[in-house]
Amino acid sequence: MLEISKDPDRRGGYLLVAECHLDRPIDEVFDFFADAMNLERLTPPLLSFHVVTPPPIEMRKGALIDYKLKLRGFPLRWRTEIAAWDPPYSFVDNQLRGPYRRWNHRHTFEATSTGTLVKDRVEYQVPGGAIVHNLFVRRDVEAIFKYRQQVLAEIFPAESVESRSLV
């Protein structure tokens, strides 16, 4: 599931909500997301996205992470701060510097009877407002999160009942 709509709480803002279910326990899924270097794997190659903060990155409230990427061929720097950290249930990253006027990304993880429900909720604003959003940004953000869901499904493939360990 992936939806983008106007943010009802913020004039000129947008809200992305994405969900995917992974057939793995919450601790395993959260541990993958807790390694900031894995964001490179979850980002389409077209963006040439790289974490420039040297590893290992201690994920915690207040951690700062720097990235470089290319957006439509233009090199950009991006800095985020981990604003909330509640393993293995959630964390929030906020853009401090980057291509958006505002970017608040809440990641939540919910254990289910068959694995983990991963939810992304991104509140964002773009320079140029609705015109820029409708012409460029919406399509790009949708593509990034669709790619992310596809890669997560490849990293955490569904296990058949026969292959699951009974121990």
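One structure accompanies this document, and this report is about it. (Residues numbered from 1 in each chain as written. Predicted model: local features only at pLDDT ≥ 70, side-chain atom pairs only at ≥ 80, totals over all residues. Heavy atoms only, no water.)

Applying the stated criterion across every chain, the model contains 16 aromatic pairs. Between the aromatic rings of tryptophan 78 and tryptophan 103, the centroid separation amounts to 5.6 Å while the plane-to-plane angle is 90°, which identifies the pairing as edge-to-face. Of this pair, tryptophan 78 sits in strand S5 (residues 74-86) while tryptophan 103 sits in strand S7 (residues 102-112), and the two are 25 residues apart along the sequence. Arranged with centres 4.6 Å apart and planes meeting at 35°, the rings of tyrosine 100 and tryptophan 103 form a pair that is tilted. Overall, the relative accessible area of 8% leaves tryptophan 103 in the buried class. An aromatic cluster is defined as three or more aromatic residues linked by ring pairs; in this entry it consists of Tyr14, Phe49, Tyr67, Trp78, Tyr100, Trp103 and Tyr124. (Phe/Tyr/Trp six-rings, centres within 6.5 Å; stacked < 30°, edge-to-face > 60°. Helix = DSSP H or I, 4+ residues; strand = E, 2+ residues; numbered from the N terminus. Buried < 20%, exposed > 50% of the residue type's maximum accessible area, 1.4 Å probe, protein only.)

Bringing the side chain of threonine 80 into the picture now. Position of threonine 80 among the secondary structure elements: in strand S5. Sequence-distant contacts of threonine 80, that is, excluding residues within four places in its chain, are made with Ala63, Leu64, Ile65, Tyr67, Asp93, Asn94, Gln95 and Leu96. (Contact = heavy atoms within 4.5 Å.)

Our focus in this paragraph is the layout of surface pockets. Picture a little ball the size of a water molecule; that probe, rolled over the atoms, points out where space is still empty. Of the pockets and cavities examined, the largest pocket occupies roughly 710 Å³. Together, 38 residues line the largest pocket, and Phe49, Trp78, Tyr100, Trp103 and Ile144 are the ones closest to its centre. Those elements that place two or more of their residues in the lining of the largest pocket are helix H1 (26-34), strand S4 (64-71), S5, strand S6 (90-97), S7 and helix H2 (129-155). A per-class count over the lining of the largest pocket returns 28 nonpolar, five polar and five charged. If you add up the space inside the second largest pocket, you get close to 210 Å³. In this structure, the second largest pocket is lined by Pro44, Leu46, Leu47, Lys70, Leu71, Arg72, Gly73, Asp140, Ala143 and Ile144. Among the elements of the structure, S4 and H2 are those that each provide at least two residues to the lining of the second largest pocket. The class makeup of the residues in the lining of the second largest pocket is six nonpolar, one polar and three charged. (1 Å grid on protein atoms, 1.4 Å probe; cavity = no way out; pocket = protein on both sides within 12 Å on 5 of 7 lines; lining within 4 Å. Points joined across faces, edges and corners; volume = space filled by probe spheres on them. Nonpolar A, V, L, I, M, F, W, Y, C, P; charged D, E, K, R; others polar.)

Right, let's talk about the environment of isoleucine 57 for a bit. Looking at where isoleucine 57 falls in the secondary structure, it is placed in the loop between strand S3 (50-51) and S4. Taking the C-alpha atoms as reference points, isoleucine 57 and valine 137, 80 residues apart in sequence, are found 29 Å from one another. Contact partners of isoleucine 57, with chain neighbours within four places excluded, come to Ala36, Met37, Val51 and Ile65.

Taking the largest bend as the criterion, H2 deviates by roughly 45°, centred on valine 137. Here H2 has its buried residues at His133, Val137, Val141, Phe145, Arg148, Gln149, Val151 and Leu152. Close packing links the buried residues of H2 with strand S1 (2-6), strand S2 (14-22), H1, S7 and strand S8 (115-125). (Bend = angle between axes of the 7 residues up to and from the residue.)

All right, on to the nonpolar core then. The biggest cluster of nonpolar side chains holds 39 residues, and the ones touching the most others in it are Phe33 and Tyr124. Counting only elements with at least two residues in this core, the list comes to S2, H1, S4, S5, S7, S8 and H2. Examining the composition of this core, we find that six residues originate from one element, H1, more than from any other. Once residues lying within four places of it in the same chain are set aside, the contact partners of tyrosine 124 are Ile4, Gly13, Tyr14, Leu15, Leu16, Tyr100, Arg102, Trp103, His133, Val137 and Val141. (Core = buried A, V, L, I, M, F, W, Y, C linked by side-chain atoms within 4.5 Å.)

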